[in-house]
Structures are given as structure tokens and as C-alpha cells.
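Understanding the architecture of this molecule
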Amino acid sequence: MFKRLELITGYLILLFLVGFFVPASSPHADSDYDRARVFTRPYEFNFDMWTADAFWLKIKQSALGLPDYAQREDQISVVMESVRLTESIMRAEAALQLVYADPNIQDKEKASAHIRAELDRLNARQNQITPLAESVLEIQVTQILSELGLTLGGQPTPPVLYHVTPLPMNLIVSRRDRIERISSVSLQPDTPLEKQIEIEDGVAKELDVSTLVVPVGGIGSYPTMVMRTYDFKWQVGTVIHEWTHNFLTLRPLGMNYSTTPELQTINETVASIVENEIAPILLARYYPTYSASLPDLKLVAWNFSPLPNSGEGRGVRGDDPPPFDFRAEMHTTRVRADELLAEGKIEEAEAYMEARRQFFWDNGYAIRKLNQAYFSFYGVYADIPGGPAGEDPVGPAVRALRAQSASLTDFLYTIAWMDSYEDLLKAIGQSQ
């Protein structure tokens, strides 16, 4: 127990030093980044404060050694109770919003008293078991990583630490003449939508760039940040994905995350590959019944909302049209947008993306903005062919290295020490 506490403390210091000595990924003073912050500064997320609070919480959890006093079945039961509580809390919060939105209800407080009382009860119980549930999942991920050989001195490097929390929004700034992220700024989780749009429009006009505020499901801070959700399969995958970023941060690939667009794609694709391979192992071992009953909801991360009665998931029956293939259509959109931008037709490309956004709307997907910034963010997750990555060759190169690697561990240790796209091409026997 105390050995784990010492390791966590040591790795926090190491990660701090990495962050201190590695050249900043953001541009220097008087850059576009600073000009963008004129619009974002009052709404920016304080990572230092969050990290200090979360790390202190993890120190207390580790010192208590809570999972050590529970049997495996009890540990799993606690995690599942936490998932069910999260679902109940989110449903109750939605019910509360409906009461306050209903113009026919005059006395909102009286009408919602039972909901608020239930929320108080649910939140009190969730606060009791969340530390234990997080510790259990951390230990389960650690066990799988250890069996795969992703350890140093018997522990993953760094130790697995995460905390469920409201996540900041991310303002993405991309060039207009090609899909390339320039910078990003983290905004407070409760930034109102109208303010998000005001920030997007202000930065876009000031810098002549493409902008979009996007939600994120996880952040590779230390401890990592994971969004509250009752989709447990997604949560497990995110914990693993963000730990992979921690792992890479201690090595050249992660240290150079923002050096080039190619390295951003390599980092995110590697993390997604690790997530996709390890999460099913963990779920099959500890939660086989639960995981088998859940659908794959990975598309939720792509910043759209399925419209009511859109027919999403509808099977083909009789004369029914074939189901809408979101990934294929998004791939088509990215490829054509890239072609138009390469020809210097910026306004035409932007008009095309807006027309395609309306096409997605007509087929049941409410995407608020579809532009260069959208693709510069979602296109870096290239672990699966197609989708918003388009014909970008970086993702296929990462997948090729994984295919020729003897194991996931060999793949991860090999690619972690690369610091350029050229290194990756050499490893798979290609030239740029």
C-alpha cells in the first residue's frame, strides 16, 4: 500500500519535471494563441487547481488502501453500484430540468421537491463509494497492464490514476486553407453555449481561422480526467486511453505531442489502439455479463446528437432504405473538403462542409458546426479506417506498425520512442 503511495508521489514529480522542461506546445507571446486568449481568458479552465485537488484525493485513497479490504466480488459490486447511481443521478437531473422548463408548472420548487430529495440521497451515496470504485478500476487496469508487461518494477509507468469529474470544453483553432490544428484552449465545463459561440466567432474573425468548441471525454493530466457517464464500456476505455497518454508523456512520442500535426495523430491513434485492445480484456474478465449487454457507443465522442425519431439503428426490412453509414459519409466529406482546400477553394470548401452538415442533420445527426476545426480535432483518432481522418496516411502507418509487431507491448514500446513521422515510416519500411 505504502509502496504504491511512494510510486504515485514519485511519478507526479517526474511528470511535473517533464512538463516543466519539455518545450511548450503553445506559441510564444504575441502569437495567435495569445490573441485568441483575449476572448477565452475569463472562461479558461484552471488545471493547476484541479490537479492539486485530484492528487490530494488520490493520496488519501491510496493511504486508506480501500480495495485491499474487499473481496473481488464486492469490489465489482461497488463499481457496478457506482455506474447505476450515475445513471439514476443523470436521469433525475434531466427530470429536474424538465420541471423547470415546463411553463405549465407554477411552483417549481414544490413540484420538484421529491426529485431534489432523491438527488440529495443519490449524490450522498455516490460520494461515499466513488473513491472505492475508482480505486478498484485502477487496480483492475493495473493488473491487465502488468500481465502484458507494461510495468517497471512491478508497476505500470506511471501508476494508473484517474478521477471522474466535469471536463473542460476545448476551443479548437485550425487554419482555413488546410485542416491543421493551430492551437487549443481549455474552457470551463459550464461555459454557456451562447458564450462558446461568441468565443468561436470572435477568434475566427480576429485571426481569420476556423474554430469550434468541442466536448472531451478524457484528458491525459495526472491523475487523468474522465467524464461522468453510465456507459461503463466507454468509461473503461477512456481510463486506459488516458493512461496511455501518461505513459507516452514520459517518452519522446508524448513529449512531442504538439510538435507536428502528424505526431498528434500518432499519439491519439496509439492511445485508441491500446484502449481498443485492453478494454475488452478487462471487461471480459471482471464484468462479462454487464459488458455483453451494452452496445458500442464510441461515436458519441464525435460531437453530434442523434435526433429524436431519426431511425438510428433501424434494421433493413422489406423496402426500408439501407441504414445511414455515418463513418463512411464523414470520410467522404473529409476527402472532398481536403481536395477543395488543396485547390485553394477555401470558401467553396466551407460551403460544401456546411451543406454536408445539413445532410447529416437530415439523416438524424445534429452536428452544430462542420468545418476545418472539426476535422482537425476528430481526424486525429485514426485507429479505424475511414471516418473524419479521410485519406490522411498517418493513421494507416500506425496501424501497419501494430500489425507487424509481435504484441501490443512491443508495439507500444517501439512507437513510444519515436519523435517524428519519418521514424514511423522507416519502422514500416516506407519513405515519405
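Scroll up to find the structure this text is about.
Attention here is on the structure that accompanies the text. (Residues numbered from 1 in each chain as written. Predicted model: local features only at pLDDT ≥ 70, side-chain atom pairs only at ≥ 80, totals over all residues. Heavy atoms only, no water.)

1. Structural notes on the packing of helix H6 (residues 113–147) against helix H10 (residues 261–286)
- Where H6 contacts H10, the axes come no closer than 10 Å and their chain directions differ by 115 degrees. Between H6 and H10 lies a crossing whose hand is right-handed. Two secondary-structure elements touch here, H6 through Leu137, Gln140, Val141, Gln143, Ile144, Leu145 and Glu147 and H10 through Ile278, Ile281, Leu282, Arg285 and Tyr286.
- Partitioning the contact of H6 with H10 into residue classes produces eight nonpolar, two polar and two charged. (Axes fitted to C-alpha atoms, helices over the stretch in contact; angles between N-to-C directions. Helix = DSSP H or I, 4+ residues; strand = E, 2+ residues; numbered from the N terminus. Left-handed = near helix turned anticlockwise from the far one by under 90°. Contact = heavy atoms within 4.5 Å. Nonpolar A, V, L, I, M, F, W, Y, C, P; charged D, E, K, R; others polar.)

2. What to know about helix H8 (residues 232–249)
- The terminal C-alpha atoms of H8 lie 26 Å apart, and with 18 residues this matches the ideal 26 Å at 1.5 Å per residue to within 8%.
- Among the 18 residues in H8, 16 count as buried, and that is most of the element. (Expected span 1.5 Å × (residues − 1). Buried < 20%, exposed > 50% of the residue type's maximum accessible area, 1.4 Å probe, protein only.)

3. Points about the sheet that holds strand E4 (residues 210–214)
- Spatial ordering of the open sheet is given by E3-E2-E4, a layout of three strands whose pairing is antiparallel. The sheet is open, and its two borders are formed by strand E3 (181–187) and E4, each paired with just one other strand. With strand direction ignored, the average angle separating the axes of adjacent strands in the sheet is 15 degrees.
- Pairing between strand E2 (residues 169–174) and E3: six bridges, direction antiparallel. From the neighbouring strand, leucine 171 faces E3, where its bridge partner is valine 185. (Pairing = 2+ DSSP bridges.)

4. Some details on unusual backbone geometry
- Cis geometry is adopted by the peptide bond preceding proline 158, which originates at threonine 157 and carries an omega value of 0 degrees.
- Along the chain, tyrosine 222 connects to proline 223 via a cis peptide bond; the corresponding omega equals 0 degrees.
- Among the secondary structure elements, proline 223 is positioned in the loop between strand E5 (218–219) and strand E6 (224–226).
- In the Ramachandran plot, aspartate 208 falls in the positive-phi region, its phi being about 55 degrees despite a non-glycine side chain.
- Of note, aspartate 208 is situated in the loop between helix H7 (193–207) and E4.

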